[in-house]
Amino acid sequence: MDKNTVNQAGIVFQKLRKQRHLSTKKLAKGILSVSSVNKFETGKTKLSFLSSALF
């Protein structure tokens, strides 16, 4: 997965999260860290389920 795909996925993810009025804290609760959500949304990291979904 190239960097542009990761960036685009993060942008879409953040947009959907905000449309649903979810904070990063509420979204991450019990699943992953708030930091991980922020890094994904800004394209600094990818989430493993995203890689699996693209195959």
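All values derive from a computational prediction rather than experimental measurement.

Novice: Explain the side chain of T24 residue by residue, including any values.
Specialist: You can see T24 is positioned in helix α2 (residues 24-28). Residue contacts for T24: discarding those within four places in its chain leaves R17, V34, V37, N38 and E41.

Novice: Describe the confidence of the model for the protein chain, with residues and values.
Specialist: Looking at the protein chain as a whole, the pLDDT averages 84, with 85% of positions reaching at least 70. Taking the mean pLDDT of every element in the protein chain, the minimum, 55, falls on helix α4 (residues 48-53) and the maximum, 93, on helix α3 (residues 34-41). Throughout residues 51-55 the model reports pLDDT below 50, and contacts reaching past four residues in sequence, or to other chains, amount to four contacts.

Novice: Would you mind going over the packing of aromatic side chains in detail, with residue names and values included?
Specialist: In this description, a pair of aromatic rings is defined by centroid distance and the angle of the planes. Evaluated as defined, the whole model comprises one aromatic pair. Pairing F13 with F40 gives two aromatic rings, centres 5.2 Å apart and planes at 80°, and the pair type is edge-to-face. Linking F13 in helix α1 (residues 3-19) with F40 in helix α3, this pair joins segments that are 27 residues apart in sequence. Residue F13 is classed as partly exposed on the basis of its relative accessible area, which comes to 26%. For F40, a relative accessible area of 2% puts it in the buried group.

The rules we used
- Residues numbered from 1 in each chain as written.
- Predicted model: local features only at pLDDT ≥ 70, side-chain atom pairs only at ≥ 80, totals over all residues.
- Heavy atoms only, no water.
- Helix = DSSP H or I, 4+ residues; strand = E, 2+ residues; numbered from the N terminus.
- Contact = heavy atoms within 4.5 Å.
- pLDDT = per-residue confidence, 0-100.
- Phe/Tyr/Trp six-rings, centres within 6.5 Å; stacked < 30°, edge-to-face > 60°.
- Buried < 20%, exposed > 50% of the residue type's maximum accessible area, 1.4 Å probe, protein only.

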